[in-house]
Amino acid sequence: MPIRMIIVDDHPVVRDGLRGIFTGDDAFEVVGEAADGPEALVVALRTSPDVVLMDLRMPKMSGAEVIRRLREQTPGIHVLVLTTFDNDADVLPAIEQGATGYLLKDTPRADLRRAVQAAARGETVLSPSVAGVLAHRVRVPEQRALSRREIEVLGLIARGATNREVAAKLFITEATVKTHLLHLFAKLGVNDRAAAVAAAYESGLLKPAAGG
């Protein structure tokens, strides 16, 4: 039986190119395409693919969120990321949400076909640079750096700002503030705002005000 796969990328030319790599090879069957996360969820539900080959940065929904929802919606599905980004901020959320593999778009065609076959078997497939990112994280697991925006949110919280005040100050929604708080709680290993502020001061993420 051929491996049933869908291709998810917001650039039509990229989708065309990827389809061309697999079309004509009896080992694969491209059963659908999507241009963004919400469309990918619909197409995956309709076609029940073995593998979703997807870009990571697309409109409407983050790549990590797409992976999470795909895994919840269709248990057993394998998601193979194919993107141009190999930094911590992209790699780690994708892997944490259940991506089976993570490749860069300079991957040779033959290697990409083999990677899809491996992903369909549930095997982890990583580009060398991505493997390096994960290896570094294993060596220094405690160094889960906060993003610049998370530090901004934490700094305002430390000064007594409410979620509404933080949202107004940073021109974001209160829901986004709550999301940032949940992420930084997880990174700092704490459960509430006070503990997060204390941990940030202890680790040097935040500095006491001069004369305070």
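What counts, and where the lines are drawn
Residues numbered from 1 in each chain as written. Predicted model: local features only at pLDDT ≥ 70, side-chain atom pairs only at ≥ 80, totals over all residues. Heavy atoms only, no water. Helix = DSSP H or I, 4+ residues; strand = E, 2+ residues; numbered from the N terminus. Buried < 20%, exposed > 50% of the residue type's maximum accessible area, 1.4 Å probe, protein only. Contact = heavy atoms within 4.5 Å. Areas by Shrake-Rupley, 256 points an atom, 1.4 Å probe, with all protein chains shown as cover. Core = buried A, V, L, I, M, F, W, Y, C linked by side-chain atoms within 4.5 Å. Polar contact = N/O pair within 3.5 Å; in protein donor to acceptor, adjacent residues only side chain to side chain. Salt bridge = Lys/Arg side-chain N within 4 Å of Asp/Glu carboxyl O. Phe/Tyr/Trp six-rings, centres within 6.5 Å; stacked < 30°, edge-to-face > 60°. Lys NZ or Arg CZ within 6 Å of the ring centre and 35° of its normal.

Caption draft 1: Structural context of the overall build of the chain. Within the chain one finds 10 helices and 6 strands. With the C-alpha coordinates aligned to their principal axes, the bounding extent of the chain is approximately 70 × 35 × 30 Å. In the chain, buried positions account for 42% of the 212 residues. For the chain, the proportion of contacts with a sequence separation of at least 24, taken over those separated by at least 6, is 61%. A total accessible area of about 11300 Å² is found for the chain, and carbon and sulfur atoms account for 54% of it.

Caption draft 2: Highlighting the nonpolar core. Within the largest apolar cluster, 27 residues are counted, with the highest numbers of intra-cluster contacts made by V8, V52, M54, I67, L70 and Y102. When contributions to this core are tallied by element, the ones reaching two or more residues are β1 (3-8), α2 (37-47), β3 (51-54), α3 (63-73), β4 (78-83), α4 (88-96), β5 (101-104) and α6 (128-139). By residue number, the principal contributor to this core is α2, which donates 4 residues. The contacts of I67, once residues within four sequence positions are left out, are M54, L56, V79, V81, A94, Q97, G98 and A99. Counting 19 residues, the second-largest nonpolar core is a separate cluster that includes V153, L154, L156 and L170.

Caption draft 3: Representation of α2 within the structure. Along α2, the residues classified as buried are G37, A40, L41, V43, A44 and T47. Turning to α2, the residues buried within the fold contact β1, β2 (28-34) and α3. Measuring from the side-chain oxygen of the N-cap residue of α2 to the backbone nitrogen of E39 gives 2.9 Å; that N-cap residue is D36. Note on α2: the residue one or two positions beyond its end, S48, has a positive phi of about 50°.

Caption draft 4: Spotlight on the pattern of salt bridges. Summed over all chains, the structure comprises 15 salt bridges. In this structure, E174 and R164 form a salt bridge, with 3.5 Å as the shortest nitrogen-oxygen distance. Here R164 lies in helix α8 (residues 163-170) and E174 lies in helix α9 (residues 174-188), a separation of 10 residues in the sequence. Taken together, the shared-partner salt bridges in this structure form one network comprising R15, D16, R19 and E33.

Caption draft 5: Molecular detail of the packing of aromatic side chains. Inspection of the entire model under this criterion finds 1 aromatic pair. Seen from their ring centres, F22 and F28 are 4.9 Å apart, and the 70° between their planes marks the pair as edge-to-face. The same class applies to F22 as to F28, namely buried. The side chain of R57 reaches across the aromatic face of F85, ending 3.6 Å from its centre.

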